[in-house]
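# Residue-level structural notes
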Amino acid sequence: MASITLSHIDKVYPGADAKAVDDFNLEIEDKEFIVLVGPSGCGKSTTLRMIAGLEEITSGELFIGDKLVNDVPSKDRNIAMVFQNYALYPHMTVYDNMAFGLKLKKVPKKDIERRVNQAAEILGITEYLKRKPRALSGGQRQRVALGRAIVRDSGVFLMDEPLSNLDAKLRTQTRTEILKLYHELNTTFVYVTHDQVEAMTMGTRIVVMKDGLIQQADTPQRVFESPNNLFVAGFIGSPQMNFFAGKLLKTDDKYSVCIGDNTVALNSRVNERLNADGVGEIEVVMGVRPEHILPAGKEDGFRGDVIVTEMMGSDSYVHMDFEGHRMIALMETEEVGREPEIWFRFNEQKIHLFDAESERNLLL
């Protein structure tokens, strides 16, 4: 059983003005792949280190399985951790790096050999077992670090930004290897990253953090389609969601958003929700993702003044100005001309609305 329960976890560093982690509550089920994601300084690595036993918990309770582990040493928590900087011993061979923890536990030599060879085969590093880390590439070193974690046969795998030191191609490749490893080992993974693409592609659930607080914890698809607030909406998605400051207007139970001199009508689903909640005419932020901005004609579209176009092959990112708002549209390259302006419309089924004051999603 490798479930993890974090109940009202706080972390306060001496002399700090604010909590590094604030009232963190999360149930991680056995065999889940949980990703903690957020900007630098949001508390995600601190949370992971508390699970690992590398940081003391200021208050709250941490369970691994049914066991309270607040005061249990890291070595006795049945966890394996992979660090950002690999943390390999430079004077040891790959084999010895992978076997070192097992030797300390006095595991029989034959068992060590079996586990190391099995892990090396899974990760495709059998041919490197006699080499030292300096003779390996960054991607190969990271696989050795993964192998060292695998041989421990732990119930929980903790990974702290393991791909951040790799180039783009290696990150994609190693990401795939970690996912394959997760399915083969069939155990619990907790993964920390600041890269929302990693979070979206790897996690069965993602936990978005800001300033030590959980902003949203849900499946990647749910977080992407129904962000709780303005921060989550802007953080998840690449390029990020476009935001337009405006005024919510209401006429005969029908709502629209006024942005500068333009008015965006809202569909029946949104009208029903806003009417049911009794929302008045308030300041709002309208959010629309780049892929939900569509070409239109002059007679029924809005005008955007083109700033620059990035051609990405069959698609292009069109950067433009709309009523003083910088925005990005994802359009098919053949639809993008050389004119200084583009006429577009918003996909009315994909519009998000946020209260400008509280920043909460008005449609949830």
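Residues numbered from 1 in each chain as written. Predicted model: local features only at pLDDT ≥ 70, side-chain atom pairs only at ≥ 80, totals over all residues. Heavy atoms only, no water.

This part covers the pairing of strand 7 (residues 156-160). Taken across its 5 residues, strand 7 has 5 buried, putting it largely inside the fold. Neither face of strand 7 is open: one carries V156, L158 and D160, the other F157 and M159, and all of them are buried. The pairing of strand 7 with strand 8 (residues 188-193) spans 5 bridges and is classified as parallel. Its bridge partner lying in strand 8, L158 is registered against V190. Crossover handedness for the path strand 7 to helix 5 (residues 168-185) to strand 8: right-handed. (Buried < 20%, exposed > 50% of the residue type's maximum accessible area, 1.4 Å probe, protein only. Helix = DSSP H or I, 4+ residues; strand = E, 2+ residues; numbered from the N terminus. Pairing = 2+ DSSP bridges. Right-handed = clockwise from strand over helix to strand, strands pointing away.)

Glancing now at helix 5. Taking 1.5 Å of rise per residue, 18 residues should cover 26 Å, and helix 5 covers 26 Å from first to last C-alpha, within 8% of that figure. Restricting attention to buried positions, one finds in helix 5 the residues T174, R175, I178, L181 and Y182. Projected down its long axis, helix 5 carries its buried residues within an arc of 125°, all on one side. Exposed positions of helix 5 whose direction lies more than 90 degrees from the buried face are K169, T176 and H183. Buried residues in helix 5 make contact with strand 3 (33-37), helix 3 (109-123), helix 4 (138-150), strand 7, strand 8 and helix 6 (196-202). (Expected span 1.5 Å × (residues − 1). Arc of directions from axis to C-beta. Contact = heavy atoms within 4.5 Å.)

Spatial ordering of the open sheet is given by 6-7-8-3-9-10, a layout of 6 strands whose pairing is mixed. At either margin of the open sheet sits one strand with a lone partner, and together these are strand 6 (79-82) and strand 10 (213-218). Averaged over all pairs of adjacent strands, the angle between their axes in this sheet comes to 15°, without regard to strand direction. Relative to strand 10, strand 9 (residues 205-210) runs antiparallel, the two being bridged by 5 bridges. Pairing of V207 across the sheet is with A217, part of strand 10. Against the sheet, helix 5 engages strand 3, strand 7 and strand 8, with an angle of about 160° to strand 8. (Axes fitted to C-alpha atoms, helices over the stretch in contact; angles between N-to-C directions.)

Time to look at the nonpolar core. Within the largest apolar cluster, 45 residues are counted, with the highest numbers of intra-cluster contacts made by F33, M98, I178, Y191 and V208. In this structure V208 touches V37, L213, I214, Q215, Q216, V223, F231, V232, F235 and I236, once residues within four positions along its chain are discounted. If you look at the next biggest cluster of nonpolar residues, it comprises 29 residues, including F302, M320, F322 and V336. (Core = buried A, V, L, I, M, F, W, Y, C linked by side-chain atoms within 4.5 Å.)

This part takes up unusual backbone geometry. Of the consecutive residues S238 and P239, the connecting peptide bond is found in the cis state with omega at -5°. Along the polypeptide, P239 turns up in the loop between helix 8 (230-235) and strand 11 (242-251). The phi angle at D211 is positive, at roughly 50°, despite the residue not being glycine. Tracing the backbone through its elements, the reader meets D211 in the loop between strand 9 and strand 10. With phi around 55°, D252 is a residue other than glycine that occupies positive phi space. Its place among the elements puts D252 in the loop between strand 11 and strand 12 (254-259).

Here the focus is the sheet that holds strand 5 (residues 67-68). Strands in a sheet are paired, the pairing made by backbone hydrogen bonds, and the direction either parallel or antiparallel. Reading across from one edge, 2-1-4-5 is the order of the 4 strands in this open sheet, with antiparallel pairing throughout. In the strand order of this sheet, the two ends are held by strand 2 (21-28) and strand 5, each with one partner. Note that strand 1 (residues 4-11) and strand 2 share 5 bridges and pair antiparallel. Looking across to strand 2, one finds that L6 is bridged to L26. Strands in contact with helix 1 (residues 44-52) are strand 1, strand 2 and strand 4 (59-64); relative to strand 1, the strand with the most contacts, it is inclined by about 120°.

It is worth spelling out the environment of D300 at this point. You can see D300 is positioned in the loop between strand 15 (293-295) and strand 16 (302-311). Judged by its relative accessible area of 51%, D300 falls in the exposed class. Along the backbone, D300 and K350 are 50 residues apart, and their C-alpha atoms lie at a distance of 18 Å. A distance of 3.2 Å separates the side chain of D300 from the backbone nitrogen of G297, its partner in a polar contact. (Polar contact = N/O pair within 3.5 Å; in protein donor to acceptor, adjacent residues only side chain to side chain.)

The subject of this paragraph is the confidence of the model for the chain. Predicted confidence across the chain gives a mean pLDDT of 92, with 100% of residues reaching 70 or more. Mean pLDDT across the secondary structure elements of the chain bottoms out at helix 5, with 85, and peaks at strand 10, with 98. (pLDDT = per-residue confidence, 0-100.)

A few words now on the pairing of strand 13 (residues 262-265). Covered by surrounding structure in strand 13 are N262 and V264 only, the residues T263 and A265 on the alternate face being uncovered. Counted along the chain from strand 12 to the antiparallel partner strand 13, the turn is 2 residues long, and its residue G260 has a positive phi close to 60°.

Take the pattern of salt bridges next. In total, this model carries 13 salt bridges according to the counting rule given. Between E32 and R205 there is a salt bridge, with the nearest N and O atoms lying 2.8 Å from each other. Taken together, the positions of E32 in the loop between strand 2 and strand 3 and R205 in strand 9 put the pair 173 residues apart, joining distant regions of the chain. Just as E32 is buried, R205 falls in that class too. (Salt bridge = Lys/Arg side-chain N within 4 Å of Asp/Glu carboxyl O.)

A few words on helix 1. The element helix 1 is extensively covered by neighbouring structure, given that 7 of its 9 residues are classed as buried. When helix 1 is considered as a whole, its buried residues turn out to be K44, T46, T47, L48, M50, I51 and A52. A positive phi of about 85° marks G53, the residue just after helix 1.

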